Amino acid sequence: MSVELTIDGLTVSVDEGSTILDACRKLEISTPTLCYADTLTPVNVCRVCVVEVEGSRTLVPSCSRKAEPGMAVHTDSPRVRTSRRLVLELLGSSVDLSRADDALRFIADYDAKPERFGADAATVAKPVKVDNELYVRDYSRCILCYKCVEACGEDHQNTFAIAVAGRGFGAHISTELDVELPESACVYCGNCVAVCPTGALVGKTEFDLREAGTWNEAEQEQVDTICPYCGVGCNLTLHVQDGSIVKVTSPDDHDVTRGNLCVKGRFGYEFTQNRPGT
Amino acid sequence: MDLRLPPAEPSDAEREAIDAIAGPAPENGFRVAHGNRHSRHLLLPALRAAQRRVGFVSEGALGYACARLDVPPADAYGVASFYALLALEERPADVLHVCTDLACRLQGANVPEGAHPSPCLGLCERAPAALRTIAGEEPREIQLPQNGPPLPQAGADGLRLLRRIAAGIDPESLDAYRAQGGYAALARAVELGADGVIQAVKDSELLGRGGAAFPTGRKWEAVAGQPAQPHYLVCNADESEPGTFKDRVLMENDPFALVEAMTIAAFATGCAHGYVYVRAEYPLAHARLENAFAQARAAGLLGDDVAGTGHAFDLELRIGAGAYVCGEETALFQSIEGYRGEPRNKPPFPVEVGLFGKPTVVNNVETLFNVPEILVDGGAAGTRLFCVSGHVGRPGVYELELGTPLRTLLELAESRPPKAVLLGGAAGSFLRPDQLDLELSFEAARAAGVSLGSGVVLVYDENADLVDPVLRIAEFFRDESCGQCVPCRVGTVRQEEALHRLASGRTNGDELEVLADLEQVMRDASICGLGQTAASAVASAIENLKVWA
């Protein structure tokens, strides 16, 4: 069964169960998203993907709202642009987005001015958490997109080491009672790091290189290989800088991993760099 | 899922309190048996029980609740830290929560040292008010002052919803309720049959009294027709809109009417199980409802065969833990299910996917109180309750014919000449003195661009400071935002910051423009009604009252 709707005056037909975002993509209408990922259940919390649906009192999140027959959708109306701009201004004024490439691009696209709320605007700034050798949590960069919680929990890893705690502007990602990661249920699969869109979660190697000012993404080479540890055969993408592995990811569209790895595939690369005599 | 539990052990008292909710611990080890995999919905009751026993939720109690209910500790911590009344750090067993909200601050609310400030406690007619919570072997909660003024309309003619309360009915006696005509409506419902009841409610044009004014009959019909089973009935008694206390008055003083109304609703919509979700700040309502449930059960009016009709229906009380947002119906479901009170995106609507993912009828207390009246007297649902407080001589709950001018209500309540009236609560709007001829009906309110909301009428006299309530409303929404979506989580903070700049005179010059933008993004792009209305009253103070003109 397919569903026909119009978006910005263009008619499009999508499979039943598709979202408005799917339909926008089919028409190549670019739609900003932050909390959405193809591999995760939409939580529709960032609200940057909102669109106007005729007959709806409020705007609707395109990432999760199902396309309905005869729907008339507008993605570039003044209401849509205003809400998207404001969402970006609110995030930009409260969170360090300096490593959130997508968000920075959207801020430019929508001419958002995060600085408009003044120098005294409250932020989520807090000290960086470096409590283990594998990855670092810098929640000053966290936009609370819930992706890490979903990846740790039901959508991917089923470890449930982290959740959203507190509420309102004080809501934050936390282990139980805010214990350090080694005391938590974390298994260091790093699947949270893989889905983080802002650099709030980052591998320790990358963190150290960035601190030292030597992280150089433009110079990095990406090498695809198969994980050597077990028989599952996960695809790995090695990010190599100056002949050393600095990060390991897996392609989101790989049908075995869907971007996920375990601690060995994600972080167990150091042995490849133990060269004779060093 | 293999839980990794925190190392701290619970005390015997905590263990006992949690076992009382979760059932006795299995002898073969709860972590092996996983006997409680579907018990997550008991998380909030278990945390509440532990806190009522020892005064706070300790690490040991949190871990033990997780073990018994098979909930990951990080998740349980997320839940516990969401609710304002749950304490995660040790504190005295005896705690005073002092209301500093709209009605109480007009009567000189003052938080003594060691006490906690609280959002509206729903005791506005006896402001200033407080709630004392005492943990221990026999935990107690006490609303202060313990008694309020009598019902202002006691003895008046024409009351429907308040009829029995005005006559001074004994709220703890089923016999007294029956002597006043109680359970005649259930008998009538059985005569009419489920479809007939739904038709009668549709014909009455009853609109929901919780704030959204959705047609009740249409909601019932939608659930009754859902093939998915089971169907659930939920009474939203999480009345937390600042200035609102009508549902408390109904539950405290006439609880059997709610039981009968819910029994009828369940009969009509095919529900065997109903929940009444009451805010934690209403301990007397909890006690009166539990008593009413027990008496109704003993009399065969709840249970496997309600009043010999062959229909099974029973009721369960669920108690919140300090979160305004849980009055939003989908956040309420999340809370009952044992999660953070984060509203769900709609659609799907509760009539299709509600509590535990099943078709669910959610009705406000006052809405349900209309049902027996409709069945017995027939006709339209023509009255509505108003919660009058602030600068009036006779604060309290008033029942008026819909369409009565606001001015008449203010005269009844012996209001001082107002400078402004807050209609509908923190999510409502401020009216000017020249708008008092507004008819209190859904249609007239809509035409005037305002909302009756939950029936709040809060009067500010000519000497009142109108900046203070505007700042308080902004603070309230910032405190009560669940934090899930960006427009509300950050928007309520930016709104409060801009208002403080205006109030202090240290402006950047663009505050009114910022506030207008925030109003638009919160109204248009927030997930739920909290965020969508978080700027309503503020905007009306600016546009209608010209507080900063």
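No experiment lies behind these values; they were computed from the predicted model shown. (Residues numbered from 1 in each chain as written. Chains lettered and ligands numbered in written order. Predicted model: local features only at pLDDT ≥ 70, side-chain atom pairs only at ≥ 80, totals over all residues.)

Caption draft 1: Expanded view of the overall build of chain A. Tallying secondary structure elements over chain A gives seven helices and 12 strands in all. Against the compact-globule benchmark of 19 Å for 278 residues, chain A has a radius of gyration of 20 Å, which places it among compact chains. Taken along the three principal axes of its C-alpha coordinates, chain A extends 70 × 50 × 40 Å. Sorting the 278 residues of chain A into buried and exposed places 47% on the buried side. For chain A, contacts bridging at least 24 residues in sequence account for 55% of all contacts bridging at least 6. (Helix = DSSP H or I, 4+ residues; strand = E, 2+ residues; numbered from the N terminus. Rg over C-alpha atoms; globule rule 2.2 N^0.38 Å. Buried ≥ 20, exposed ≤ 12 C-beta atoms within 10 Å, placed from the backbone. Contact = placed C-beta atoms within 7 Å.)

Caption draft 2: Representation of the domain arrangement of chain B within the structure. In terms of domain boundaries, chain B breaks down into domain 1 (12-80), domain 2 (94-144), domain 3 (163-377), domain 4 (383-461) and domain 5 (467-543). Domain 1 of chain B and domain 4 of chain B are separated by 45 Å when their C-alpha centres are compared. (Domains from an automatic or database assignment.)

Caption draft 3: Fine view of the sheet that holds strand E10 (residues 396-401) of chain B. All names here are of chain B. Spatially, E10-E9-E13-E11-E12 is the arrangement adopted by the five strands of the open sheet, whose pairing is mixed. Taken across any chain shown, the strands that pair with only one partner, and hence form the sheet edges, are E10 and strand E12 (429-431). Strand-to-strand twist across the sheet, computed as the mean angle between neighbouring axes with direction ignored, equals 30 degrees. (Pairing = 2+ DSSP bridges. Axes fitted to C-alpha atoms, helices over the stretch in contact; angles between N-to-C directions.)

Caption draft 4: Fine view of the environment of Val246(A). All names here are of chain A. Examined against the element boundaries, valine 246 turns out to sit in strand E12 (residues 244-249). Of the residues examined, valine 246 has 20 C-beta atoms within 10 Å and is grouped as buried. Residues valine 246 and tryptophan 215, spaced 31 residues apart in sequence, show a C-alpha to C-alpha distance of 9.0 Å. Every residue in contact with valine 246, bar those within four places of it in the chain, is listed here: Thr205, Glu206, Leu209, Gln220, His239, Val240 and Gln241.

Caption draft 5: Region of the structure containing unusual backbone geometry. Residues and elements named next belong to chain B. Following lysine 346, the chain continues into proline 347 via a peptide bond in cis, with omega recorded as 0 degrees. Examined against the element boundaries, proline 347 turns out to sit in the loop between helix H14 (329-336) and strand E8 (360-364). Here the bond from proline 347 into proline 348 is cis, since omega is 5 degrees, no more than 30 degrees from zero. Mapped onto the elements, proline 348 comes out in the loop between H14 and E8. Of note in this structure, glutamate 205 is not a glycine but carries a positive phi near 55 degrees. With respect to the element layout, glutamate 205 can be found in the loop between helix H9 (184-203) and helix H10 (216-224).

Caption draft 6: The pairing of strand E1 (residues 94-99) of chain B, seen in detail. Residues and elements named next belong to chain B. Note: E1 against strand E3 (residues 130-134), five bridges, orientation antiparallel. Across the sheet, the residue bridging to histidine 97 is leucine 131, located in E3. The pairing of E1 with strand E2 (residues 116-118) spans three bridges and is classified as parallel. Note on E2: the bridge partner recorded for valine 98 is proline 117.

Caption draft 7: A look at the packing of helix H11 (residues 246-253) of chain B against helix H15 (residues 365-377) of chain B. Residues and elements named next belong to chain B. The N-to-C vectors of H11 and H15 enclose an angle of 50 degrees; their axes lie 9 Å apart at closest approach. When the interaxial angle is binned, H11 and H15 end up oblique. On H15, the residues that touch Lys246, Asp247, Leu250 and Met251 of H11 are Val365, Glu366 and Phe369. Of the residues belonging to the contact of H11 with H15, the class tally is four nonpolar, no polar and three charged. (Parallel < 35°, antiparallel > 145°, perpendicular 65-115°, else oblique. Nonpolar A, V, L, I, M, F, W, Y, C, P; charged D, E, K, R; others polar.)

Caption draft 8: Representation of the nonpolar core. Counting 264 residues, the largest nonpolar core has Ala65(B), Leu258(B), Ile264(B), Ala265(B) and Val538(B) as the members making the most contacts within it. If one sorts the elements of this core by residue count, helix H12 (residues 255-269) of chain B sits on top with 11 residues. (Core = buried A, V, L, I, M, F, W, Y, C linked by C-beta atoms within 7 Å.)

Caption draft 9: Local environment of the sheet that holds strand E11 (residues 235-241) of chain A. All names here are of chain A. With respect to topology, three strands assemble into an open sheet ordered E10-E11-E12, the strand pairing being antiparallel. A single partner strand is all that each edge strand has here, and the edge strands are strand E10 (221-226) and E12. On average, adjacent strands in this sheet sit at an angle of 35 degrees to one another, irrespective of strand direction. Bridge count between E10 and E11: six bridges; the pairing is antiparallel. The partner of threonine 225 across the bridge, within E11, is leucine 236.

Caption draft 10: Main features of the interface of chain A and chain B. Counting residues at the interface gives 40 residues for chain A and 37 residues for chain B. Broken down by secondary-structure element, the contributors of at least two residues to the side of chain A that touches chain B are helix H2 (78-94) and strand E7 (163-165) of chain A. Looking at the side of chain A that touches chain B element by element, the count peaks at eight residues for H2(A). Of the residues in the side of chain A that touches chain B, the class split is 22 nonpolar, 13 polar and five charged.

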